[in-house]
Amino acid sequence: MAANIDMHTHSTASDGVNSPALNIRLAAEKGMGGLAVTDHDTVSGVSEALCEADNYSNFICIPGIEISTLANGQDIHVLGYFIDHENAEFLSKLEQLRTVRNKRNEKIVKNLQKLGFSITMEEVAAKKKSSSGNIGRPHIAEVLMEKGIISSLREAFEKYLGKGKAAYAVTERISPAEAIKIIFDAGGVPVLAHPGLYDQDELIPMLKEQGLAGLEVYHSDHSAEQEAHYRHLAERYQLIPTGGSDYHGIRNGTVFHGELGNRYSDLKTVERLKSFSKKYR
Ligand code: AMP
Ligand code: ZN
Ligand code: FE
Ligand code: FE
């Protein structure tokens, strides 16, 4: 069986461009061994993906999530794997997170208006690729691009939407430790996403104490040096090293982060993660 399982992908359930089923089909057609569905603050794409994965033999589809949290004023993402995506308490917690996300989106749009741009929440919402999907900064970037305010999505983040940039906004968010607990309570396995994007390595031993099981060592936005560094930290803190592309599909002609399957975990790693999930606890 193919060994490469992409542990970080987005679908139309959040800010990905492809439906959950299409991501599964693309991965299977590439000969990959599986993928984890890890949309921002939602599991609404998981059922569709699981259904589609049934059509392929020896293809693993892992129900997952990527939860947005805040630590020291910075967005920190916590991945959760083998989660019970039908757990009522979990779903209601996610609903709360999405309320916070929507407030944050409104703040960003207001900031853009203050900068003199004509942009509305309705225009941003119209960029959702699925009615049940939630809204993220890439949707805002698409509107800015369509209006000719910026000429690439990268420029949208560099000038307006990235951390500390002109229209950036944060709202109160849960801490990474709280996300770990939410994931754990839903039977899942918490992994710190793309640590190379934070410059807060001290979080790693702290979150290990809170139940963190893994570290996303291999990620499209990590350099080879960063991957070596985090592989070393994963070893030091006894965290399972994972890998994922953070695939979002092709938006306005560009693949953000990385191509599907360009980072992955092997089956042994996935089995190790699975052994930390509720079914095996
Ligand atoms: P949000 O969940 O609304 O905070 O948006 C997060 C998403 O925006 C990430 O998953 C990335 O796809 C994208 N993103 C964040 N920062 C950047 C950046 N500096 N350059 C490109 N994309 C980014
Ligand atoms: Zn995203
Ligand atoms: Fe992320
Ligand atoms: Fe992501």
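Residue indices follow the written sequence of each chain, beginning from 1 at its first position. Chain letters and ligand numbers both follow the written order, the letters beginning at A and the numbers at 1. Local features in this predicted model are restricted to residues of pLDDT 70 or higher, and side-chain atom pairs are both shown and tallied only at a pLDDT of 80 or more, whereas totals for entire chains, interfaces and linings draw on every residue. Note that the side-chain values use all heavy atoms of the structure and ignore hydrogens as well as water.

Identification of the protein as PHP domain-containing protein from Fictibacillus terranigra is taken from an unreviewed UniProt entry.

Student: Whenever I open this one, the site of ligand 1 confuses me. Can you help?
Tutor: Taken together, D15, H40, R101, R104, G136, R137, P138, F157, H248, F256 and H257 are the residues near ligand 1. Throughout this description, a polar contact denotes any pair of N or O atoms lying within 3.5 Å of each other; where both atoms belong to protein, one of them has to be capable of donating a hydrogen while the other can accept it, and for residues adjacent in sequence the pair is counted only when both atoms sit in side chains. In the model, an oxygen atom of ligand 1 is placed 2.8 Å from a nitrogen or oxygen of the R137 main chain. Note that an oxygen atom of ligand 1 is positioned 3.2 Å from one of the side-chain N or O atoms of H248. Taking 500 Å² as the accessible area of ligand 1 by itself, protein coverage stands at 82%. Space inside and on the surface of the protein is sampled on a 1 Å grid over the protein atoms alone, with a cavity defined as a set of points where a 1.4 Å probe fits but cannot get out and a pocket as an open set with protein on both sides within 12 Å along at least 5 of 7 lines; lining residues have an atom within 4 Å of a point. Whether a molecule sits in a cavity or pocket is decided by its atoms, more than half of which must lie within 2 Å of the grid points. A majority-of-atoms criterion places ligand 1 in the largest pocket. In this text, helices come from DSSP runs of H or I with a minimum length of four residues, and strands from runs of E with a minimum of two, each type numbered from the N-terminal end. Elements represented by at least two residues in the shell around ligand 1 include exactly α3 (88-114) and α5 (137-146). Grouping the constituent residues of the shell around ligand 1 by class yields three nonpolar, four polar and four charged. We define proximity as follows: a residue is near a molecule or strand when any one of its heavy atoms falls within 4 Å of that partner. With residues, only the protein chains shown are counted as cover, and all accessible areas are computed by Shrake-Rupley using a 1.4 Å probe. Three classes are used, and their members are as follows: Ala, Val, Leu, Ile, Met, Phe, Trp, Tyr, Cys and Pro are nonpolar, Asp, Glu, Lys and Arg are charged, and the others, Gly among them, are polar.

Student: What should I look at first to understand the nonpolar core in this one?
Tutor: In terms of nonpolar packing, the biggest core is built from 55 residues, with Y81 and L215 touching the most fellow members. Of all the elements, strand β3 (residues 60-71) adds the most residues to this core, at five residues. In this analysis, two residues are considered to be in contact whenever any of their non-hydrogen atoms come within 4.5 Å of each other. In this structure, L215 is in contact with V191, L192, P195, I204, Y230, L233, A234, L239, I240, P241 and T242, ignoring residues within four places of it in sequence. Definition of nonpolar core: a set of buried residues of the types Ala, Val, Leu, Ile, Met, Phe, Trp, Tyr and Cys, connected through side-chain atoms within 4.5 Å. Throughout, exposure labels follow a simple rule: accessible area from a 1.4 Å probe, protein chains only, divided by the maximum for the residue type, with under 20% read as buried, over 50% as exposed, and the rest as partly exposed. V109, L112, Y160 and F256 belong to the second largest nonpolar core, which has 20 residues in total.

Student: Quick question: what am I supposed to make of the coordination of the iron ion (ligand 4) here?
Tutor: Think of it this way: four donors in a tetrahedron around the metal ideally sit 109.5 degrees apart, and six in an octahedron ideally sit 90 or 180 degrees apart. Those donors, H8 (NE2), H10 (NE2), E66 (OE) and D246 (OD), are the protein atoms that reach the iron ion (ligand 4), and they lie 2.0 to 2.2 Å from it. Here a donor is any nitrogen, oxygen or sulfur atom (N, O, S) within 2.8 Å of the metal, with 3.2 Å used for Na, K and Ca; water is not among the atoms considered, so some sites may look incomplete. Between 85 and 135 degrees for all angles marks four donors as tetrahedral; over 155 degrees for opposite donors together with 65 to 115 for all other angles marks four donors as square planar and six as octahedral; every other arrangement is irregular. Relative to the metal, the four donor atoms surrounding the iron ion (ligand 4) lie at angles of 78 to 163°, and the coordination shape comes out irregular. Coordination of the iron ion (ligand 4) draws on donor residues from a single chain, spaced H-x1-H-x55-E-x179-D in sequence. Distance-wise, the zinc ion (ligand 2) is placed 4.5 Å from the iron ion (ligand 4). Here the residue H10 occupies a position in the loop between β1 (5-9) and α1 (20-29), and E66 occupies one in strand β3, the gap between them amounting to 56 residues. Its relative accessible area of 0% is what places H10 among the buried residues.

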